[in-house]
Structure formats: structure tokens, C-alpha cells
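Reading the structure
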Amino acid sequence: CNIGPIKKVSLRTAILVIFIFIKFNISLIPSDSYCIIDPIEEAIFQNPDVSFGGHSKPKNCTALQRIAIIIPFRNRETHLHYWLFYMHPFLQKQQGDYGIYVIEQHGESKFNRAKLMNVGYAEAVKDYDYNCFIFSDVDIIPLDLQNLYRCSKKPKHMAHSLDKFNFRLPYKNLFGGIVAFTKEHYLKVNGFSNTFWGWGGEDDELFQRVKAAGLSIERASSNISRARVFKHKRDRGNERNLQNVHMIYKAKSRMNDDGLSSLKYTVISFTKHRLYKKITVDIGSPP
Ligand code: UDH
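This structure is a prediction, so every number in the text was calculated from the model and none was measured. Residue indices follow the written sequence of each chain, beginning from 1 at its first position. A pLDDT threshold of at least 70 governs which residues receive local features in this predicted model, and a stricter bar of 80 or more applies before side-chain atom pairs are shown or counted, although totals over entire chains, interfaces and linings include all residues.

What to know about the overall build of the protein
- What the protein contains, in helices and strands, is 8 helices and 12 strands.
- Any residue whose C-beta has 12 or fewer other C-beta atoms within 10 Å is treated as exposed, any with 20 or more as buried, and any in between as partly exposed, C-beta atoms being built from the backbone. Taken over 287 residues, the protein has a buried fraction of 39%.
- Whether two residues are in contact is decided by their C-beta atoms, placed from the backbone, lying within 7 Å. Taking contacts inside the protein between residues at least 6 apart in sequence as the whole, the part at least 24 apart equals 84%. Secondary structure elements follow DSSP: runs of H or I of four or more residues count as helices, runs of E of two or more count as strands, with numbering from the N terminus.

Dropping the structure here:
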């Protein structure tokens, strides 16, 4: 058929691009060294049922759990866009009643992942009657739809089978990456500690809080919990903080006074994006 010279050229280009992708095993998943496309426009196009600000719920039933997904964030736009692209369809297929909260740390001071989680909780409960909170890094995506983004009777660790650890648990008490808490349990442990600045320790401390509160954790079978981590270098401002290690085992004595009960922050801005709500906050700096 006569498809005209311009169409012939673009058809040839498309075939060539596909050939290059296959031949050189190029992946569209981001790595720290390259990024080919920004999937946010596609994500917006593919998720018309998500309301402005990133909330979605099933059309034909009422979900038992209302889930706030809290993402600690600074300077990880590319990862966020891939996460949204992948996770909105995933969560909708699971018929979740969920909202996405991206909690951005303002300024240059040391990153404090745990405090941002507490801010996310405090802001989400003002928005909607959430009863389940999933605290997730921006760079982890589940690989199996059977891995339910729901809370359980116990606090749930959801990132124990990661590709970067060959899908094995690196140590028994690991409680990082993604965790799910009912509202009741998150209040019972007084949330995360606010005092872990820089990389490391805050997740282990949360594990100790869970124990100190007389709770235990659960994990789904590692087969269905397999997850992929987007490759990245250690971020500037989030260098490993060895002082954090010493604080982990004082979790019990600090639990009641350091956490949701002592949380202080200033909201710099609320922005409703098409697929998520971003809250930029000043959480101070380490003493
Ligand atoms: N983050 C940012 N910007 C930063 C630093 C961190 O957005 O500058 C957020 C982001 O959501 C990220 C999360 O904080 O996914 C965790 O930081 P990270 O990706 O550097 O952590 P890492 O991948 O940790 O190294 C994986 C957890 C498993 C080890 C737990 C040991 N206790």
C-alpha cells in the first residue's frame, strides 16, 4: 500500500528504535546512569479514574481498608514518575481505596526519612478517614499482583524479597523499604522516631518499637513479595550516619516521647498533582 514518504520514514525509524532496544537489551526502567523517557504523561493518560491529587477507589464496592501511601521524598523525580506509572494500575487492579502522599523535605539539611513518614501520617489523617498506612520508599515496586497493598492484623514488612538482595532477607529484623501499619498500631508505637538524620537505623528502630509495644511483625511469602529496586547512588544529604546505630536499642525508652507525640514541622506548600499530592515541609535540621 502507498503510505507516503513521511510515514515510510517514521515506520523505518520506529522499527530501527525497536531493533536497537531489543539488540542492546535497553530497559525503560530507570537506573542511575541513564533515563530514556519520562513516563508521567503516559501515567496520567492511562489512569483517568484517579482523581486529581492521587486518590482512587473501586467503583462497584466499598473497600474495607482506606489506605494512605506515604512516600518520603527529595530530588527523586524520575523514580517518582516511574513509581506512579507502575503503581497506580497495580493498586487499582487490587481494588484499593487509596491516596498517594509524597512528603518532600524542604532545604538542604540531612534527610530524615522517618520524620517525613510521621508528617505523611499527620497530614493524611486530616484528609480522609484512612485506617491503613503504607510507608514506601519511592524506588521499590512489587513484582506480583498477589502482593496485597493492605494492612494486616500485625504490622507488615513488605520489602523482604528485593532483587538487590537476590530476593533473600539480608537480616532477620529488617523492617525497611515498605511497611504497612493499621492506624491503631501506628499510634501504639507512636510512629517512627523523629531523630534519625541521614541514612540508616530508623527502620531498625521502628522494629524495636513494634517489639516494645508487645506486637510482632508479619511478612507475606517471599515468592509473592518479590520486588524490584530502582538502582541509585547514595543521595547527597543522606550520607550514612553511624550515630544512628547507637540509638536503635534505646527505642523502648524513647518511644513515648519521640514520635507522633513530639512531631513538629512547618508546611511550605501543598500541591495537588494529577496523580499524587505533594506536601513540602520544613522539618528542621539535626541538633
Ligand atoms: N529519599 C529521597 N531523597 C533522598 C534520600 C532518600 O527521596 O535524597 C527517599 C526515597 O523515597 C528513597 C528512600 O528515601 O527510596 C530511602 O532512601 P534510599 O533509597 O537511599 O535507601 P536505600 O535504598 O535503603 O539505601 C534500602 C532499605 C534496605 C536497607 C535497610 C537497612 N536498615
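Some thoughts on the site of the ligand
- For each residue, a C-beta atom is placed from the backbone, and the residue is labelled near a molecule or strand when this atom is within 6 Å of it. The environment of the ligand is made up of 20 residues, and the closest members are Arg74, Asp137, Val138, Gly176 and Asp235.
- Within the residue set of the shell around the ligand, elements represented by two or more residues are strand 2 (66-73) and helix 6 (202-212).
- The element best represented in the shell around the ligand is strand 2, accounting for 3 residues.
- All amino acids are sorted into three groups, where Ala, Val, Leu, Ile, Met, Phe, Trp, Tyr, Cys and Pro are nonpolar, Asp, Glu, Lys and Arg are charged, and the leftover types, Gly among them, are polar. Partitioned by chemical class, the residues of the shell around the ligand number 6 nonpolar, 6 polar and 8 charged.

With respect to the sheet that holds strand 5 (residues 140-142)
- Between any two strands, at least two bridges found by DSSP are needed for them to pair. An order of 5-10-7 is seen for the 3 strands of this open sheet, with the pairing classed as mixed. Bordering the open sheet on either side are strand 5 and strand 7 (161-162), each of which pairs with just one other strand.
- In the sheet, strand 7 pairs with strand 10 (residues 226-229) via 2 bridges, with the strands oriented parallel. Looking at the pairing, Ser161 lines up with Arg226 of strand 10.

So, the pairing of strand 8 (residues 178-182)
- With 5 of its 5 residues buried, strand 8 lies for the most part within the structure.
- Along strand 8, one buried face is formed by Ile178, Ala180 and Thr182 and the opposite face, lined by Val179 and Phe181, is buried too.
- In the sheet, strand 6 (residues 156-157) pairs with strand 8 via 2 bridges, with the strands oriented antiparallel. Its bridge partner being in strand 8, His157 is matched across the sheet by Val179.

A closer look at helix 6
- With 9 of 11 residues buried, helix 6 lies mostly within the body of the structure.
- On the buried face of helix 6, the contacting elements are helix 4 (113-127), helix 7 (243-248) and helix 8 (251-254).
- Following helix 6 by one or two positions, Gly214 adopts a phi angle in the positive range, close to 80°.

Regarding helix 3 (residues 77-93)
- A helix is expected to span 1.5 Å for every residue after the first. The end-to-end C-alpha distance of helix 3, which contains 17 residues, comes to 24 Å, matching closely the 24 Å that a straight helix rising 1.5 Å per residue would cover.
- Working definition for bend: take the seven residues up to and ending at a residue and the seven starting at it, fit an axis to each, and measure the angle between the axes. At Met87, helix 3 is deflected by roughly 30°, the largest bend along its length, and proline Pro89 occurs up to four residues later in sequence.
- When we look at burial in helix 3, the residues that qualify are His79, Leu80, His81, Tyr82, Trp83, Leu84, Phe85, Met87, His88 and Leu91.
- Phi turns positive one or two residues past the end of helix 3, at Gln95, with a value near 55°.

Side note on the UniProt feature "domain: Galactosyltransferase N-terminal" (unreviewed entry) in the protein
- Under the local residue numbering, the UniProt record ascribes the feature "domain: Galactosyltransferase N-terminal" (unreviewed entry) to residues 41-152.
- Between the end C-alpha atoms of residues 41-152 the distance is 34 Å, and the span holds 34% helix and 24% strand. UniProt positions are given in the numbering used here, feature names are shortened, and annotations may be inferred rather than shown by experiment.

Quick look at the pairing of strand 4 (residues 132-136)
- Burial analysis of strand 4 places 5 of its 5 residues in the buried class, the great majority of the element.
- Burial of the side chains of strand 4 extends over both faces: Cys132, Ile134 and Ser136 are buried on one face and Phe133 and Phe135 on the other.
- Bridge count for strand 2 against strand 4 is 4 bridges, and the pairing is parallel. Within the sheet, the bridge partner assigned to Ile69 lies in strand 4 and is Ile134.

Brief notes about the environment of Ser216
- Structurally, Ser216 can be placed in the loop between helix 6 and strand 9 (218-219).
- Sequence separation of Ser216 and Lys156 is 60 residues, and the distance between their C-alpha atoms is 8.9 Å.

A closer look at the confidence of the model for the protein
- Confidence scores here are pLDDT values: one per residue, from the predictor, ranging 0 to 100. Residues with a pLDDT of 70 or more make up 88% of the protein, whose mean pLDDT is 91.
- Among the prediction metrics, the complex's ipTM stands at 0.97, with pTM recorded as 0.88.

As for the environment of Cys132
- Note on placement: Cys132 falls in strand 4.
- Owing to 25 C-beta atoms within 10 Å, Cys132 belongs among the buried residues under this scheme.
- Distance from Cys132 to Arg150, taken between C-alpha atoms, is 7.2 Å for residues 18 residues apart in sequence.
- If sequence neighbours within four positions are ignored, Cys132 has contacts with Gln65, Arg66, Ile67, Arg150, Cys151, Ala180 and Thr182.

Quick word on the environment of Phe133
- Positionally, Phe133 belongs in strand 4.
- In the structure, Phe133 is positioned 18 residues away from Cys151 in sequence and 7.4 Å away in space, judged by C-alpha atoms.
- Setting aside its immediate chain neighbours within four residues, Phe133 contacts Ala68, Ile70, Tyr121, Phe181, Lys183 and Tyr186.

Remarks on unusual backbone geometry
- The phi dihedral of Gln95 falls on the positive side, at around 55°, and the residue is not glycine.
- Mapped onto the elements, Gln95 comes out in the loop between helix 3 and strand 3 (97-105).
- Judged by local crowding, Gln95 falls into the partly exposed class, with 14 C-beta atoms found within 10 Å.

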